[in-house]
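Close look at the chain arrangement
Chain by chain, the residues run as shown.
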Amino acid sequence: MIIPSSPAPIKSAAGAPSRIATDACGCHNLPTMDYFQYKNGELYCEDLPVAKIAAEVGTPLYIYSKATFLHHYRQIATAFAELNPTICYSIKSCGNINICRMLAGEGCGFDVTSGGELYRALQAGGDASKMIFAGVGKSDEEIRMAIDAGIAAFNLESEEEIENVDRVAASMNRQAVGAIRVNPDVDPKTHAKTTTGKKETKFGVDLERAERVFDQYRNLKHLRIAGIHIHIGSPVYEIQPYIDAVNKITALIDRLTQRGHKIEWFDVGGGFGVNYQRPDQAHPITEHAKALVPLLKGKPYRIAFEPGRYIAGNSGVLLTQVLYRKKGGSKQFIIVDAGMNDLIRPTLYESYHHIWPVHPTPDNVPAQRSVETVPNNGEVVDVVGPICESGDYLAKDRLLPHTQRGDLLCVFTAGAYGFSMSSNYNNRRRAAEVLVDGNSYTVIRRRENYEDLVALERV
Ligand code: LLP
């Protein structure tokens, strides 16, 4: 099986939601296009005041914008259209089944990394022939499940794994298809914990070993290895590491072709950065495409991408309510009802998430979201959660407008690796998720209740 081509992914303006159609003239080039904007002095998601949703569903609350999700997906598809790539949304970034279904409906494939993600993608109606299974530690059960489902390919990370997939496929009397994940040894210049394409990370097969591995496993009976995969890291804010990695891999494919291997696809991975701090922090995807399309156009193999954050990041926010103000030494703490169990990125990676009141005073309604915005009547605060750890914070030493008990705060750019990395730590119930579409919303995951917390512990 070969990774198939995505069917024409771009909807005409007439077929697109009206909000997208209105913006269609320029928005594909805009780096920060999303539908979380201040209108009439308060924060809206699309055509709904977020405070109205919070009043009905409660906080902490993840709110996603359908139009933003679709916009970002289409933006990538448009930017790389000349390559007619297969786009495999990386489910780990934000995997609610309703969101997967929405993207599957656009012709999007899926990058899955566990049996659970595969199950999710299938439940969402995803096309198995556009699914790829990544990860260094696939269990036999997961391999069987993926072969049974008829996924497009395994992204294979080691010799032992290759031999095991062949063995499992043989036991099922089936033939599996795979790509070798090659470690191109480039530095994506991102957080050490999310750097994956450098030597001495656990990912992929060293570039120098790749030819030997292809040679060694060219005649397996139950595993046909026909593709190459890379994923250099996440989030990546420079284009050069992609260029370097792609150049190394296209040269490798040339060498492999000379040795008689037929490479059918090259999966370039994901990692494209988004704007957490300011509107021009990340390159628009068009800039990535400008650099990468010429390197890949006209090649005799298909191209795939695995974006997660670029699609989900600015498509979701976390809404939280201020519980208390408190002084501690020289610090002013703002204690909110969302904690590190809801959004662990600041704790785990020291990540910046922009935070701003949902109802700012008229002189604090921001023209844009930026780390440089200086509020009127501002104060430097730590925004912290209710969890019993000092590492439980959403922002440290942050200059924010003055807020008080009862105020709603919005934590922006929380769509990717927000809910998907949330937990029940301190036995907190995981937040609800809501998907907004124009002037209506759907609760796409109800807030957990106390019975949920103990349900699996009963016999
Ligand atoms: N493909 C592979 C093989 C991956 O491992 C990942 C992410 C992606 C694609 C999607 O990367 P994206 O386009 O979303 O950047 N928890 C971290 C990010 C970890 C990313 C893990 N792999 C964070 O919150 O920043």
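A few points on the structure. (Residues numbered from 1 in each chain as written. Predicted model: local features only at pLDDT ≥ 70, side-chain atom pairs only at ≥ 80, totals over all residues. Heavy atoms only, no water.)

Topic: a nonpolar patch on the surface
- A cluster of nonpolar side chains, contributed by V374, V380 and L399, occupies part of the molecular surface with about 260 Å² of accessible area.
- Assignment of secondary structure puts V380 in strand β17 (residues 378-384). (Patch = residues over 30% accessible without salt bridge, like charges linked within 9 Å, V, L, I, M, F, W, Y side chains within 5 Å. Areas by Shrake-Rupley, 256 points an atom, 1.4 Å probe, with all protein chains shown as cover. Salt bridge = Lys/Arg side-chain N within 4 Å of Asp/Glu carboxyl O. Helix = DSSP H or I, 4+ residues; strand = E, 2+ residues; numbered from the N terminus.)

Some remarks on the side chain of D392
- Tracing the backbone shows D392 in the loop between β17 and β18 (393-401).
- At 2.6 Å, the side chain of D392 forms a polar contact with the backbone nitrogen of M340.
- Not counting residues up to four positions away in its chain, the partners in contact with D392 are G339, M340, T347, V384, G385, P386 and I387. (Polar contact = N/O pair within 3.5 Å; in protein donor to acceptor, adjacent residues only side chain to side chain. Contact = heavy atoms within 4.5 Å.)

A few points about the pattern of salt bridges
- Evaluation of the coordinates by the stated rule reveals 26 salt bridges.
- For R74, the salt bridge identified is with E106, shortest N-O distance 2.9 Å. With R74 in helix α3 (residues 66-79) and E106 in the loop between α4 (97-104) and β6 (109-112), this pair connects stretches of sequence that are 32 residues apart.
- For R74, a relative accessible area of 5% translates into the label buried.
- The closest approach of N and O atoms between D382 and K331, which form a salt bridge, is 3.1 Å. You can see D382 sitting in strand β17 and its partner K331 sitting in strand β15 (residues 331-336), a full 51 residues away along the chain.
- A residue is classified by how much of its surface remains accessible, and D382, at 3% relative accessible area, is buried.
- Via salt bridges that share partners, E211, D215, R218, R255 and R259 belong to a single interconnected network. (Buried < 20%, exposed > 50% of the residue type's maximum accessible area, 1.4 Å probe, protein only.)

Focus on the packing of aromatic side chains
- Summed over all chains, the structure comprises nine aromatic pairs.
- Ring geometry for F80 versus F305: centroids 4.2 Å apart, planes at 35°, classification tilted. Taken together, the positions of F80 in the loop between α3 and β5 (86-90) and F305 in strand β13 (residues 302-305) put the pair 225 residues apart, joining distant regions of the chain. Here the two residues F80 and F305 agree in accessibility, since each one is buried.
- What links up through ring pairs into an aromatic cluster is the set Y62, Y64, F69 and F419.
- The lysine or arginine in question, R429, covers the ring of Y450, its NZ or CZ lying 4.4 Å from the ring centre. (Phe/Tyr/Trp six-rings, centres within 6.5 Å; stacked < 30°, edge-to-face > 60°. Lys NZ or Arg CZ within 6 Å of the ring centre and 35° of its normal.)

Observations regarding the environment of H191
- On the secondary structure map, H191 appears in the loop between β9 (176-183) and β10 (205-206).
- A sequence separation of 159 residues divides H191 from E350, and the C-alpha atoms of the two residues are 9.2 Å apart.
- The contact partners of H191, leaving out residues within four places of it in the chain, are L348, Y349 and E350.
- At a separation of 3.3 Å, a polar atom in the side chain of H191 contacts the side chain of E350.

Observations concerning the packing of helix α9 (residues 240-258) against helix α10 (residues 285-296)
- Following both chains from N to C, one finds α9 and α10 inclined at 10°, their axes separated by 10 Å at the closest point. When the axis of α9 is compared with that of α10, the two are roughly parallel. Packed against α9, whose contacting residues are Y242, I243, V246, N247 and T250, the element α10 presents H288, A291, L292, L295 and L296 at the interface. (Axes fitted to C-alpha atoms, helices over the stretch in contact; angles between N-to-C directions. Parallel < 35°, antiparallel > 145°, perpendicular 65-115°, else oblique.)

Overview of the site of the ligand
- Lining the immediate environment of the ligand, one finds 18 residues, of which S234, E306, R345, Y349 and Y417 sit closest.
- Here an oxygen atom of the ligand sits 2.8 Å away from a polar atom, N or O, in the main chain of G271.
- Contact between the ligand and R345: an oxygen atom at 2.6 Å from a side-chain N or O atom of the residue.
- In isolation the ligand has 580 Å² of accessible area, and contact with the protein removes 91% of it. (Near = heavy atom within 4 Å.)

A short note on α3
- Across its 14 residues, α3 extends 20 Å between first and last C-alpha, which sits within 8% of the 20 Å expected from 1.5 Å per residue.
- Of all the residues in α3, the buried ones are A67, T68, F69, L70, H71, H72, Y73, R74, Q75, I76, A77 and A79. (Expected span 1.5 Å × (residues − 1).)

Bear in mind that shape data such as this cannot, by itself, settle questions of function.
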